Amino acid sequence: MSLLQQARFFNTVNHLRDLPATAVPEVAFAGRSNAGKSTAINTLCSQKRLAFSSRTPGRTQHINFFTVAPVKAPDPIGFLVDLPGYGYAEVSGSAKYHWQGLLSDYVQSRTQLAGLILMMDARRPFTDLDCQMVEWFLPTGKPIHVLLTKADKLTNSENATALREAKRMLADYAAQMENPPAMTAQLFSSLKRRGIEEAQRVVAGWLALPESLPPEASAGAPQA
């Protein structure tokens with residue numbers, strides 16, 4: 001069983017000073033408010049209510065941390081981090097600026113952040129705000145994995161086109177950098193349970209979970 005299935009709520013943060021004072025790796029999840037971010041986190045962790053999915057996109061205005069650890073372990077071995085959805089409308093100007101600052105400062109400065117799962121609606125990928133998020137994050141040199149969510153809304157042909165164009169966009173970004181980080185993309189559907197294992201492998205690898213290692217590595221050195 002994936003350790004992601006044992007993820008538990010840890011804390012909600014509204015200021016950078018309140019971030020957990022830990023050294024374990026973190027994987028952040030970002031995306032537009034209507035990209036299905038909370039639903040995807042719940043699906044990857046095989047839980048229904050781990051991440052709160054509001055009927056009003058953009059209501060979650062804080063950073064939510066979830067621990068990843070074996071049952072009864074005293075300390076987490078990693079965190080899943082649910083970032084505020086962007087592209088919201090019904091918030092005040094001051095709240096919006098605080099929200100934007102919290103989001104950009106976290107992704108650009110958090111040392112423990114191992115990678116970014118960036119969720120985009122497969123029907124409308126790489127909006128201006130999605131591109132802004134990519135451009136905020138690229139200078140960190142850390143990997144990006146794009147989940148093209150709601151793939152069940154498209155035909156097989158449309159999905160193939162969306163995935164090809166997403167990979168082309170990422171390749172264009174890479175071509176502009178001397179040492180680009182890993183940038184990958186996949187199709188994903190919580191409803192049809194498509195792409196779950198592929199996304200779990202990426203997250204497990206970034207968190208260095210035991211399940212991400214080959215059997216001979218996770219078992220340790222052979223006995224004499």
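From a predicted model like this one, the values you see are computed outputs, not experimental measurements. Within every chain, residues take consecutive numbers counted from 1 along the sequence as written. The predicted nature of this model means local features are confined to residues of pLDDT at least 70 and side-chain atom pairs, given and counted, to a pLDDT of 80 or more, with totals for whole chains, interfaces and linings taken over all residues. Heavy atoms throughout the structure, all of them, feed into the side-chain values; hydrogens and water do not.

**Student:** Describe in detail the overall build of the protein chain, supporting the description with residues and values.
**Tutor:** The numbering of helices and of strands both runs from the N terminus, where a helix is a DSSP run of H or I of at least 4 residues and a strand a run of E of at least 2. Along the protein chain, the regular secondary structure elements total six helices and seven strands. For the protein chain, the N- to C-terminal ordering of α and β elements is β-β-α-β-β-α-β-α-β-α-β-α-α. Only protein chains enter the accessibility calculation, which uses a 1.4 Å probe; a residue whose area is less than 20% of its type maximum is buried, one above 50% is exposed, and one in between is partly exposed. Counting every position in the protein chain, which comprises 224 residues, the buried fraction comes to 46%. Per-residue and other accessible areas follow the Shrake-Rupley method at a 1.4 Å probe size, with only the shown protein chains counted as cover for residues. Carbon and sulfur atoms provide 51% of the accessible area of the protein chain, an area that totals close to 11500 Å².

**Student:** Can you break down the packing of aromatic side chains residue by residue, with the values?
**Tutor:** For Phe, Tyr and Trp, where Trp contributes only its six-membered ring, two rings pair if their centres lie within 6.5 Å, and the inter-plane angle classes them as stacked under 30 degrees, edge-to-face over 60, or tilted in between. Applying the stated criterion to the full structure yields four aromatic pairs. Ring plane angle 70° and centroid distance 6.0 Å describe the contact between F9 and F66, whose orientation is recorded as edge-to-face. Of this pair, F9 sits in strand β1 (residues 8-13) while F66 sits in strand β3 (residues 63-68); the two residues are 57 residues apart in sequence, bridging distant segments of the chain. Considering the side-chain rings of F65 and Y106, the 6.4 Å spacing of their centres and the 90° angle between planes classify their relative orientation as edge-to-face. Placement of the pair is F65 in strand β3 and Y106 in helix α2 (residues 93-109), with a sequence separation of 41 residues. One aromatic cluster is present, built from ring pairs that chain together F10, F65, F79 and Y106.

**Student:** So, the side chain of R110: which residues are in play, and what are the values?
**Tutor:** Inspection of the secondary structure assignment puts R110 in the loop between α2 and β5 (113-121). Assessed through its relative accessible area of 10%, R110 is described here as buried.

**Student:** Hey, could you go over the nonpolar core for me, with residue numbers and the actual values?
**Tutor:** For the purposes of this section, nonpolar cores are sets of buried Ala, Val, Leu, Ile, Met, Phe, Trp, Tyr and Cys residues that join through side-chain atoms within 4.5 Å. With 39 residues, the main nonpolar core has L83, Y106, L118 and L148 as its most contacted residues. Per element, the largest residue contribution to this core is five residues, and it comes from helix α4 (residues 156-175). Any two residues whose heavy atoms approach within 4.5 Å at even a single point are treated as in contact. Residue contacts for L83: discarding those within four places in its chain leaves A28, F29, A30, K37, H62, I63, L103, Y106, V107 and L116. Of all hydrophobic cores here, the second largest spans 27 residues; its members include C45, V68, F188 and V202.

**Student:** Just give me the short version of helix α1 (residues 37-44), but keep the residues and values in it.
**Tutor:** Most of α1 is tucked away: seven of the eight residues are buried. When we look at burial in α1, the residues that qualify are K37, S38, A40, I41, N42, T43 and L44. Where α1 terminates, the next one or two residues include S46, which has phi positive at roughly 55°.

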